[in-house]
Amino acid sequence: MTNNQPARVRYAPSPTGFFHVGGARTALYDYLLAKKTGGSFIIRIEDTDQKRYNPDSVRDLLDSLRYLGLDWDEGAEVGGDYGPYTQTERLDIYQKYSQQILDSGHAYRCFCSSERLAKVNEDRQKAKLNPGYDRFCRNIPPAEAERRAAAGEAFVLRIKIPLEGSVTGYDAIRGDITVANAVLNDAVLVKSNGIPTYHFAVVIDDHLMKITHIMRGEEWLGSFPIHVHLYNFLGFEMPVFAHLPVILNPAGKGKMSKRETRAPDGSVYPVFVHTFKELGYLPEALVNYLALLGWSYDGQTEIMSRQELIERFSLERVNASPASFNYDKLNNFNGIYIRQLSVEDLTDRLLPYLQADGINAKRDTLLKITPMIRERLTLLTDAADWVDFFFVDDLPDFDLNLLTPKKMSLQDVPGILQKAKEALSGIEFTHNELDAHLRQAAKELGIKAGQMFQPIRVAVCGKKVAPPIFGTLEALGKETTLKRLDLALEKLQNS
RNA sequence: GUCCCCGUCGUCUAGUGGUCAGGACACAGCCCUUUCAAGGCUGUGACACGGGUUCGAGUCCCGUCGGGGGCACCA
């Protein structure tokens, strides 16, 4: 395998649904290999299935790729020298090759109806045979087939797999893969509507676009031998193939779903890239995690920048065994990446998420809060619960019992809040001042600092768990703090 | 059913004939502490099984079992 030549690597999705993590990993590996070798990363749209075509999926794909930062050098929207990059715009090209393979005798016209095909399959099932085509039309004399086609009879083009012998193809991850021709089907190359199937179009396009490395899901391993035959029949040179292991679901049982379902409580196991974005995953964390799902650098180093990933990636270290998706680990990565962000960067990334949650956060204020919550976030969407009380005029109602400090009772609370008010009213709201006076107040009351802080925190934040108290009060300001203390006192009196 | 692929802690993995089988997530305990985190330390935990080959096997071979994927005029 030549790793020093600039590689031309393509990601070639079919636009039938939203872009999911499996596709994202494949695209990532494509990207990494292309960049590592100084080559090109190409996006080609394989839309030969008109029935399942979904126009939204191309938009979703391209947006998701950009979110992940996997910018492509050639293909959809950006063009290039090997276009068009959408298969339905290349029909005339496939036409030429279908004539060629027909003429060479490696393919034949099949006039069987889908009804007959269904029946054949049924019979074969009953006879305990493998499902597949019975090659009924394989031996129709070419001249007769030509006549019937000219007369307007519908037909498909099928590959003429040799009846004996075997094929072997080289897979960069597993080595040689050999299969007996006898178990292969005469797969359809061109459908009766004149549009090629994946098998045919992919081989032609990869050849014409001078693709050097083909990475695709392991689910293609089964048709790999057919593709090898196609390369031979068409006289094309074989690129390097690498079938990536499937991604298993978190339970490790079965492959990861391509559809996400929402639990009754609204929670999801995201599988679409756009959902990861909505939930507040950082693209760099997702990229890093995905890179490690089936590949490793040294078994030691895990957190790697995009540049390091590019430099270190290699096909040789891609694993052959399936890997199950671990959300815990992804979350851990996300937290690490969040903590690596500068205050300004994190603040700016947080703003749109807070807005989406209906929180009208002011950037200036948030800038003061971000350092306090940075190490507490797993997802960007977690921020809302940490900061919402900073940006409301009136705190929503909360359970007054939350005010009770450890090992004390609700009756003790008014005294503590009263004391806090006194301690705070005359001072400057800076971290050090707050710290000194509040601790002193606790001392005077003969209670622990924690017992002093908890009622204040709840009165001011409306919740038990909140950012560190001094910073919170500082960001909130004296006026709001005292107002909320009064309000809590008032509520206690009326309860 | 048949073909193909795969098989190291619960999960992701390192390992390429001689290692106390290493790391990460998760989990547990301790430390730190102002709630919650983050951080530090420690711990629990694996070579699917059975045969070979070899002085020596997680590493090589065979079988069994287990898991996954394919077997469309879908990709």
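Because the structure is a prediction, the values reported are computed rather than measured. Each chain has its residues counted from 1, running along the sequence as written. Chain letters and ligand numbers both follow the written order, the letters beginning at A and the numbers at 1. Side-chain atom pairs in this predicted model are given and counted only at pLDDT of 80 or more, local residue features only at pLDDT of at least 70, and totals for whole chains, interfaces and linings cover all residues. Values shown for side chains rest on all heavy atoms present in the structure; no hydrogens or waters enter the calculation.

A. Representation of the pairing of strand S2 (residues 40-43). Any residue under 20% of the maximum accessible area for its type is buried, any over 50% is exposed, and the rest in between are partly exposed; the area is computed with a 1.4 Å probe on protein chains only. For the purposes of this entry, the term helix denotes a DSSP run of H or I that reaches at least four residues, the term strand denotes a run of E that reaches at least two, and both are numbered from the N terminus. Side-chain alternation along S2 places Ser 40 and Ile 42 on one buried face and Phe 41 and Ile 43 on a second face that is also buried. Note on pairing: two strands pair once DSSP finds at least 2 bridges between them. Where strand S1 (residues 8-11) meets S2, four bridges bridge the pair, whose relative direction is parallel. From the neighbouring strand, Tyr 11 faces S2, where its bridge partner is Ile 43. Assignment of crossover handedness uses the view with strands pointing away from the viewer, where a clockwise path from the first strand over the helix to the second indicates a right-handed crossover. As a crossover connection, the stretch from S1 through helix H1 (residues 21-36) into S2 is right-handed. Examined bridge by bridge, S2 and strand S3 (residues 74-75) share two bridges and lie parallel to one another. From the neighbouring strand, Ile 42 faces S3, where its bridge partner is Glu 74. Taking the sense of rotation as the criterion, the β-α-β connection linking S2, helix H2 (residues 55-68) and S3 turns out right-handed.

B. Spotlight on the domain arrangement of chain A. Source of the domain bounds: an automatic or database domain assignment. In terms of domains, chain A is made up of domain 1 (90-244), domain 2 (341-391) and domain 3 (400-494). Taking only C-alpha atoms, the centre of domain 1 and the centre of domain 2 are 55 Å apart.

C. Spatial organisation of the packing of helix H15 (residues 413-425) against helix H16 (residues 431-445). It is at 9 Å that the axes of H15 and H16 come closest, and there the two elements cross at 140 degrees. Taken as axis vectors, H15 and H16 run oblique relative to one another. Judged by the twist between their axes, the crossing of H15 over H16 is right-handed. Residue-level contacts link Ile 416, Lys 419, Ala 423 and Leu 424 of H15 to Leu 434, His 437, Leu 438, Ala 441, Glu 444 and Leu 445 of H16. Split into classes, the residues belonging to the contact of H15 with H16 amount to seven nonpolar, one polar and two charged. Axis lines are fitted through C-alpha atoms, for helices just across the contact stretch, and the angle between N-to-C directions can take any value from 0 to 180 degrees. Reported orientations rely on four angle classes, namely roughly parallel under 35 degrees, roughly antiparallel over 145, roughly perpendicular from 65 to 115, and oblique for the rest. Handedness of a helix crossing follows the sense of rotation of the near helix relative to the far helix, less than a right angle counterclockwise being left-handed and clockwise being right-handed. Contact definition: two residues touch when any of their heavy atoms are within 4.5 Å. When residue character is reported, Ala, Val, Leu, Ile, Met, Phe, Trp, Tyr, Cys and Pro are called nonpolar, Asp, Glu, Lys and Arg charged, and the others, Gly included, polar.

D. Representation of the protein's contact with RNA strand B within the structure. Close to RNA strand B lie 63 residues; Asp 49, Glu 302, Arg 376, Arg 457 and Phe 470 are nearest. Sugar plus phosphate: this is where 68% of the atoms of RNA strand B within 4 Å of the protein reside. A distance of 3.4 Å separates a sugar or linking oxygen of RNA strand B from a polar backbone atom of Pro 131. If you list the elements that add at least two residues to the surface near RNA strand B, you get strand S5 (156-159), strand S12 (323-324), helix H11 (327-340), helix H17 (449-461) and helix H18 (469-476). Per-class residue counts for the surface near RNA strand B are 22 nonpolar, 19 polar and 22 charged. Near is defined per residue: the residue qualifies when any heavy atom it owns lies within 4 Å of the molecule or strand. In protein, a polar contact requires one atom able to donate a hydrogen and another able to accept it; more generally it is a pair of N or O atoms within 3.5 Å, and residues adjacent in sequence count only if both atoms are side-chain atoms.

E. Structural view of the pattern of salt bridges. Here, a salt bridge means any side-chain nitrogen of Lys or Arg that lies within 4 Å of a carboxyl oxygen of Asp or Glu. Per the stated rule, a full pass over the model turns up 32 salt bridges. One salt bridge connects Glu 284 with Arg 349, and the closest N-O pair in it is separated by 2.8 Å. In this pair, Glu 284 is assigned in helix H9 (residues 283-292) and Arg 349 in helix H12 (residues 343-356), connecting sequence segments 65 residues apart. For Arg 439, the salt bridge is made with Asp 435, and the minimal N-O distance between the two is 2.7 Å. Note that Arg 439 and Asp 435 are positioned in helix H16 at a spacing of four residues, about one turn of the helix. Using a relative accessible area of 41% as the deciding quantity, one classes Arg 439 as partly exposed. Salt bridges here are not isolated pairs; linked through shared partners, they connect Arg 10, Arg 44, Glu 46, Arg 90, Asp 205 and Asp 206.

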